[in-house]
Amino acid sequence: MHTHIRNLITFLACAVILPWTPGCSYRSPGDQNILQAGNGAEVQDLDPHVVSGVTEHRVLSSLFEGLTDADAATLEPVPAVADRWEVSDDGLHYTFHIRPEARWSNGDPVTARDFAYAWRRILSPAIASEYAYMLYCLKNARAYNEGKLRDFDQVGVFAADVETLRVELENPTPYFLSMQNHFAWFPVHQPTIERFGRMDERGTAWTHPGNLVCNGPFILDDWLPNEKLSVRKNPYYWDAGSVLLSGIDFHPIENLQTEDRAFRSGLLHLTATIPLHRVAVYRRDRPEILHIHPYFGCYFYRMNITRPPFDNPLVRQAFALSINREEIVTNVLKGGEQPATAFVPPGDTKYPAIDVLCFDVERARTLLAKAGYPDGQGLPPVNILYNTSEAHRTIAETVQRMWKENLNADVRLLNQDWKTYLSSMNTLDYEMARSAWIGDVADAVNFLECFQTDVGNNRTGWSSPEYDALIDQAYAEADVTKRSVLLQQAEALLLEGGPIIPVYFYSWKFLMSPEVKGFTPNILGYYRWKNLYLDPGE
Amino acid sequence: MALFLLKRFGEFVPTLFIIITITFFLVRLAPGGPFDSEKRVSPEVLAQLEAHYHMDRPLLRQYWDYLSGLARLDFGPSFRKPSRTVREWLLLRLPISIELGIYALAFSLVFGLGAGILSSLRQNSLLDHGATSLAMLGICIPAFVLGPLLVLVFGLWNDWLPIMGWTTPAHKILPSITLGAAYAAYIARMTRGGMLETLSQDFIRTARAKGLRESRVVLRHGLRSGIQPVVAFLGPATAGLLTGSFVVETIFLIPGLGREFVESAFNRDYTMISGAVLVYAVLVMGLNLVSDIVLAWLDPRIRAR
C-alpha cells in the first residue's frame, strides 16, 4: 500500500514538474550493444512445435538452430549444427554429421538423437502442430502425423549414432536443405521437455524464462508478455565467437503507427513494417533508413468457382485481364511492390518465372461477350470480400473502379473481421476474396501446391486433374530443370482461367537505423541474427 | 442501510451469471474459430486441437465444465497462448490497467476539481471562460487524437517524456493524461455547476454571515454539497477509466488488459474473452455499488431512506 501511495505522489509531482524541465533525455538505449527490434504481434509461445507465424519465426531463429542455416543473401544452405552432409544420387537419402562442438545452452552436447526426437515430437498427432506438414517430405511422416501409422521407426529419420543422422525422403525435395532453418525442423532438448510434461504435450512451461534450453546464438533472458522479449548471447553456442550482438530485445508492437513513433523516438533500431502512407515521407526525407526489398509473397484475389459468374472460366479470365496492375503498384501502393504477371513471385533461383498475365481490355471484353455477358449485360453483381485493413480497402476500391470502367461490371465491397473472413473463405461463402500467400521456402511448389484439389488452402472449389497430375509429377522429379518445366506448365494452367487473379508481388518494407550493420536482404524476409551488429560510430 | 446492501448483493450474483452465460455462447456463435489462419490447418490437426481444448464435447457439456472451472477460479487455458492459463494472464494484465486507471482518475480529479472550483469562484471571469473552453475541448478531443498529439509534442519534437512502455513514473504521465483528460473535463464542468448552485444557497450566506473565512466556507461547506454530482459520476467514471483503456494502451504500448481484451476478441480466444468480460463485469458492478454506498454516506437524505 505504501509503495502505491509513494508511486502516486511521485506521479503527481512528475505530472506537474516534468513538462517544464526540458533537456533531460529519456531515450536511454541501455546497453549499447543490444538490438531493439519491433516484432509485430506478441508471440504465442516459444515452442517450435506449437507455434505458427512470422513473429515467432523471428524470435525462434535467434534461439534455435537447425541442421543447416541459410546464407543471408542467397538462402543457399550453409553448415550449422551439421558441419557436413552427403546426399544420395536419387536425392532421397541424406546423411548429416553433427558437429561435435555443438552445445545446448546448458552445456549438453547436441546430438543426432535430439533431431530424431524433435521430429517425432512435431509429427505426434497429440501435439497438433500446425506446421507438421513442413516435414511431410520425410518418408511416412504424413501417415504418422495423421495417425495412420503408429510405428515411428518407419518414418524416414534415424539417429545412427550420436553424430550421424540419416534421413530418407518420400520424394526428391530440392529445397530440403534450405528449409532446415525453419522452426519446424529445429531440435529440442529432451530432458527439458520431459521435465515439464509429456513429450507430445502442448503448452507446458518449458518455454518460460529460466526453463528454456536452446541451441542457437542467443538464449532467452526475459519474456514480459505484450511488453518485451529479451534474448542474450549464448556462451555455449558453437560459433559464439562470431556473434557480435550482446542481445536482442523484441518489442511486440502490432499497431503500425505506434511502431513508427517508437522508431522515430529512437526506441527501435528496426521495425517490422511501415505504415503505407509513411513510405513516401521516408523516401523523401530519410532514404538511408528506408528498406524496400523484394519479398516472396503474392497478393491476389480468389474466385469462388462454385457460384456464378465465376463458375465460367471465360469470366474469370476476363476479370484477370482487365486490371491495370502497374497503376495499382505505382499510384496506390507506392512501396516498391511489383505488378504480378504470374502467381509465383520471382526469387526461386531454380524456377524461371513465367509472364502470362497482362492488361488487355479488348480481349477481356471479347471473352466476357463470349461468356454471354456482352458489355457486362446480365452479369450478376460481385462482392469483393476483404478483411479489415485500410490497404485492402483501397486496393479493392481501385479494382472495383477498373472493372466498372473496363467490363461494366457491378462490383461491391464487403468487409469482414479477420476470423469471419477466414470462415467465409473456408465455407466458400463468397464470390471474390482478397488473399495472399507468403512462401515458407523459396520454391515455386510452395505456391502451386495450394491449388491442388481438396488441399485446405485451395478455398475456391477449383479442381483440375491435369493440374494435380503436373504437381505430383514435379514432386517425384529429381531433375531440377524437368521439375521446373512441369511446375511452369501447372502455373500456366492455374492462370489461364484458373481461380485466382494475382495483383502484386509483395515487398519487404521496414525501417532500420544506419547503425545496424551486417544486414543482407533476401526474399524470405529472413534475419540471420548472428550476422548483425551495431556500430553507433556513424 | 444493511437491507440496501443485501439487496444490491442479491442482484450482483445473478447478473454476473447471466453475463457469463451470454458471453460463453455468444463468442462461440461468432463465425471463425481460434485455429483459423491464413495457412489452413489440416482436418487431422484441427481435430487434435479441438480435442486438446475439449471443443469436441457437446456445447452444454463445455459450458458445464467452464462453470465448474470458474467455481474453482480456474478460467481455463488460453487458446492462443498455449503455455499460459487465462487466470495467469489476467493477473498479469489487470494490475497494469488498474494502475493506469487510478492515475488517470487522480489526474482527472485534481485538475477537474481544481478548475471547477476556481471557475465557480470567479464566475464569468477570463479564468472561468478559459477553464470552461478547455473543458469543452477536453470532452471533444478523443484519446486517439490527444495521445499521438502529446507524443508528438513531448516525445518527438521535444525529448521530454518517454512515449512507450510502462516502467518508470515518467512513462506513466502521458498515458494517464490522455486517458484522464475527458474525465477531467467532465468533472470540471460538474464541479463548476454544482458549486455555483451551492454557493448561492442560504446556508452558505449564513456561514459567511457568521464571519467564517472564505476558504472554509468554500472548502468545508460549499464543496461537500457541491461535489455530490461528481461523486455520483465517480463510479461509472472509474469503471470507464478501468475498462476503456484500449486506445491508450495501444498508443503508448502499455501491456494492460484493454489491449488483451480487444485482441482476444479478434483472435476468437474464447476462454480469454470470457475471462476478461468476467473481470470487467465484476469491476463495473463493484464500482457502481461502491459509488452508491459513498453517495448514501455523503447525503443524509439517501441514508434516511
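Residues numbered from 1 in each chain as written. Chains lettered and ligands numbered in written order. Predicted model: local features only at pLDDT ≥ 70, side-chain atom pairs only at ≥ 80, totals over all residues. Heavy atoms only, no water.

## With respect to the overall build of chain A
The test is simple: Strands here mean DSSP runs of E at least two residues long; helices mean DSSP runs of H or I at least four residues long; both are numbered from the N terminus. Put simply, the radius of gyration uses C-alpha atoms, and a globule should come to 2.2 Å times the residue count raised to 0.38. Contact definition: two residues touch when any of their heavy atoms are within 4.5 Å. Under the convention used here, a 1.4 Å probe and the Shrake-Rupley method define accessible areas, while residue burial counts only the protein chains that appear. When charges are counted, Lys and Arg are positive and Asp and Glu negative, with His and the chain ends excluded. Note on charges: their place is set at NZ of Lys, CZ of Arg, CG of Asp or CD of Glu.
Looking only at helices and strands, chain A has 15 helices and 18 strands in total. Relative to a compact globule of 538 residues, whose C-alpha radius of gyration would be 24 Å, chain A shows 25 Å and is just as compact. Considering only contacts in chain A between residues 6 or more positions apart, those separated by 24 or more positions represent 69%. Roughly 20600 Å² of accessible area belongs to chain A as shown, and the carbon and sulfur atoms make up 51% of that amount. The averaged location of the 67 negative side-chain charges in chain A is 4 Å from the averaged location of its 48 positive side-chain charges.

## Examining the confidence of the model for chain A
Which entries qualify depends on this criterion: pLDDT gives the predictor's per-residue confidence on a scale running from 0 to 100.
Confidence in the prediction of chain A, expressed as mean pLDDT, is 91, and 94% of residues score 70 or more. Long-range and interchain partners of residues 12-29 of chain A, a stretch whose pLDDT sits below 50, account for 27 contacts in this model, where long-range means more than four residues apart.

## Details of the interface of chain A and chain B
Let me state the cut-off plainly: In the sections that follow, a salt bridge refers to a side-chain nitrogen of Lys or Arg positioned within 4 Å of a carboxyl oxygen of Asp or Glu. Polar contact criterion, stated in full: a pair of N or O atoms within 3.5 Å, where within protein one must be able to donate a hydrogen and the other to accept it, and residues adjacent in sequence count only if both atoms are side-chain atoms. We call Asp, Glu, Lys and Arg charged. Ala, Val, Leu, Ile, Met, Phe, Trp, Tyr, Cys and Pro are nonpolar, and the rest, Gly among them, are polar.
The interface of chain A with chain B comprises 63 residues on the first partner and 57 residues on the second. The interface formed by chain A and chain B contains 2 salt bridges. Between Arg268 of chain B and Asp417 of chain A there is a salt bridge, with the nearest N and O atoms lying 3.3 Å from each other. Here chain A and chain B share 17 residue pairs in polar contact (both at pLDDT 80 or more) between them. For the side of chain A that touches chain B, the leading source of residues is helix α12 (residues 418-426) of chain A, giving 7 residues. The residue makeup of the side of chain A that touches chain B, split by class, is 27 nonpolar, 21 polar and 15 charged.

## Considerations on the environment of Gln473 of chain A
All names here are of chain A. Quick note on the threshold: We call a residue buried when its accessible area falls under 20% of the maximum for its residue type, exposed when it is over 50%, and partly exposed in between, using a 1.4 Å probe and counting protein chains only.
Within the secondary structure, Gln473 is located in helix α14 (residues 465-476). The exposure class of Gln473 is partly exposed, given its relative accessible area of 42%. Each C-alpha atom, one on Gln473 and one on Asp114, is 33 Å from the other, the two residues being 359 residues apart in sequence.

## Some details on the sheet that holds strand β5 (residues 93-98) of chain A
All names here are of chain A. Basically, it comes down to this: Each pair of strands is called paired provided DSSP finds at least two bridges between the two strands. Inter-axis angles, ranging from 0 to 180 degrees, are taken between N-to-C directions of lines fitted to C-alpha atoms, where helices are fitted over the stretch in contact.
With antiparallel pairing, the 4 strands of this open sheet are ordered in space as β4-β5-β7-β6. Single-partner strands in this sheet number two, and they are β4 (82-87) and β6 (157-161). Adjacent strand axes in the sheet meet at a mean angle of 20° when their direction is disregarded. Relative to strand β7 (residues 164-168), β5 is paired through 5 bridges, and the arrangement is antiparallel. Pairing of Tyr94 across the sheet is with Val167, part of β7.

## Here we look at the pairing of β7 of chain A
Relative to β7 of chain A, β6 of chain A runs antiparallel, the two being bridged by 4 bridges. Across the sheet, Val157 of chain A pairs through a bridge with Val167 of chain A, a residue of β7 of chain A.

## Some points on the nonpolar core
The test is simple: In this description, a nonpolar core means a group of buried Ala, Val, Leu, Ile, Met, Phe, Trp, Tyr and Cys residues linked to one another through side-chain atoms lying within 4.5 Å.
Core analysis: the biggest nonpolar cluster contains 153 residues, and Trp119, Leu123, Leu165, Phe319, Phe343 and Trp403 of chain A have the highest contact counts within it. Contact partners of Phe319 of chain A, with chain neighbours within four places excluded, come to Phe310, Leu379, Trp403, Leu407, Ala409, Val411, Met432 and Ile501 of chain A. Counting 39 residues, the second-largest nonpolar core is a separate cluster that includes Phe263 and Tyr282 of chain A together with Ile96 and Phe154 of chain B.

## What to know about the pairing of strand β13 (residues 382-387) of chain A
Residue and element names in this part refer to chain A. Applied cut-off: Here the term right-handed applies to a crossover when the path leading from its first strand over the helix to its second strand runs clockwise, the strands being oriented away from the viewer.
The buried fraction of β13 amounts to 5 of the 6 residues, a majority that puts the element mostly inside the structure. With 6 bridges joining them, β13 and strand β14 (residues 411-416) adopt parallel strand pairing. Across the sheet, the residue bridging to Val382 is Val411, located in β14. In terms of handedness, the path from β13 via helix α11 (residues 390-407) over to β14 forms a crossover that is right-handed. Where β13 lies against strand β15 (residues 432-438), 2 bridges are found, and the strand directions are parallel. By the bridge assignment for β15, Ile384 is matched with Met432.

## Quick notes on unusual backbone geometry
Residues and elements named next belong to chain A. With an omega dihedral of 5°, the bond running from Pro308 to Pro309 counts as a cis peptide bond. Tracing the chain through its elements places Pro309 in the loop between β11 (290-303) and α8 (313-321). Positioned with a positive phi, Asp375 is a non-glycine residue whose angle comes to about 50°. Tracing the sequence through the fold places Asp375 in the loop between α10 (361-370) and β13. Given a relative accessible area of 54%, Asp375 falls into the exposed group. In the Ramachandran plot, Asp454 falls in the positive-phi region, its phi being about 65° despite a non-glycine side chain. Positionally, Asp454 belongs in the loop between α13 (444-448) and α14. Look at Asp454 and you get exposed, because its relative accessible area is 74%.

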